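The primary structure of each chain is shown beneath.
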Amino acid sequence: MAGRYRRTIKNPVRFQDHEDLLTPDERSSLDNLFPSGAAPMWGLTPGKGGSNKHTIEAFDVDDAVFFYSDRALFAGGTVAYRFRNPSLAERLWGRDKHDLTWEHMYAISGLRGVRIPFSEISPLLGWKPNAVVQPALVIKEEVADVLAEAWTLDVRTQPRAAAGPDAGGAPVLEPVAVTFTALAHIRW
C-alpha cells in the first residue's frame, strides 16, 4: 500500500500522462479543478461481491479525507472530484488479491500533513482505546462536526434556512456535515 500512496498521493497524477484513459468529461473536470495538470488520487475497490458499495456511496465531493498509519491520521485533504475509471485505476495501482481495481477514484485537493493520534479520536467517537480502524471508514454528521471543531478544520457552510438572517441582516451560516474518511492504512 505504501507504494500506491507514494505513486499517486506523494507524487500527484499528471493528467497528460493518462489522456488515453481519461474520458473528455473526466479530463475537463480535472483540468478545471487542478489547473496545474496534476492531482493526488486515490481509489477504492468495489469489494468482493460489491461489499464496498455503501462506503463508496458515502463519499461526497467536499468531504475531508485522511490517511492513517501507526494509529494516527498523518495526511488529510478534500475530495475534489469523484469518478469511476477501472482502466486508469489498473494502470496506476494494478489489481488487488481478489483481482479488483481501485476504480472508484477520488482526486484530492488541499492535501496537507496532520498528526492526529487515535488516542485523541477514540474518546470523541466513543471507541475503546484499542479500537482498530478498518481500511475505509466514513464518519458523518455530529461526530464529524466534533472532529472538525477539535482540529479547527475549515468546513463548508450553508445558510440555515429556518433561522433567517442574524440581527445585522446577514444570513446565519452553519457548518455542513463533514465526512472524515480514513481511506487507507499505509504500511511503511
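Given the structure is predicted, the values throughout are model-derived calculations rather than measurements.

About the cut-offs
- Residues numbered from 1 in each chain as written.
- Predicted model: local features only at pLDDT ≥ 70, side-chain atom pairs only at ≥ 80, totals over all residues.
- Heavy atoms only, no water.
- Helix = DSSP H or I, 4+ residues; strand = E, 2+ residues; numbered from the N terminus.
- Buried < 20%, exposed > 50% of the residue type's maximum accessible area, 1.4 Å probe, protein only.
- Contact = heavy atoms within 4.5 Å.
- Areas by Shrake-Rupley, 256 points an atom, 1.4 Å probe, with all protein chains shown as cover.
- Pairing = 2+ DSSP bridges.
- pLDDT = per-residue confidence, 0-100.
- Lys, Arg positive; Asp, Glu negative; His and termini not counted.
- Salt bridge = Lys/Arg side-chain N within 4 Å of Asp/Glu carboxyl O.

Quick notes on the overall build of the chain
(1) Moving on: Each helix and strand in the chain was counted, giving six helices and 10 strands.
(2) Moving on: By residue count, 43% of the 188 residues in the chain fall in the buried class.
(3) Moving on: Counted over contacts in the chain with a minimum sequence separation of 6, partners at least 24 positions apart contribute 69%.
(4) Moving on: Split by element, the accessible area of the chain, about 10300 Å² in all, is 51% carbon and sulfur.

Description of the pairing of strand β3 (residues 41-44)
(1) Moving on: Side-chain alternation along β3 places M41 and G43 on one buried face and W42 and L44 on a second face that is also buried.
(2) Moving on: Here β3 runs beside strand β6 (residues 104-117); their pairing, made up of four bridges, is antiparallel. The residue bridging G43 from the neighbouring strand is M105, located in β6.

With respect to the confidence of the model for the chain
(1) Moving on: In the predicted model, the chain carries a mean pLDDT of 77, and the fraction of residues at 70 or more is 69%.
(2) Moving on: Taken as a whole, residues 155-166 scores under 50 in pLDDT and shows 29 contacts with residues more than four places along the chain or in a different chain.
(3) Moving on: Here residues 171-188 is a poorly scored stretch, pLDDT under 50, and it has 95 contacts once near neighbours within four places are set aside; other chains count.

Quick look at the environment of K10
(1) Moving on: Here K10 shows up in helix α1 (residues 2-10).
(2) Moving on: Sequence spacing of K10 and P40 is 30 residues, and the spatial spacing of their C-alpha atoms is 7.1 Å.

Remarks on the environment of L33
(1) Moving on: Among the structural elements, L33 can be located in helix α2 (residues 24-33).
(2) Moving on: Using a relative accessible area of 42% as the deciding quantity, one classes L33 as partly exposed.
(3) Moving on: Separated by 48 residues in the primary sequence, L33 and Y81 have C-alpha atoms spaced 8.1 Å apart.
(4) Moving on: Residue contacts for L33: discarding those within four places in its chain leaves A80 and Y81.

Some words on the side chain of R4
(1) Moving on: When you line up the elements, R4 lands in helix α1.
(2) Moving on: Within the buried core, R4 has no salt-bridge partner, and the shortest N-O distance to an opposite charge, that of D96, equals 7.8 Å.
(3) Moving on: Not counting residues up to four positions away in its chain, the partners in contact with R4 are I9, W42, G43, W93 and W102.

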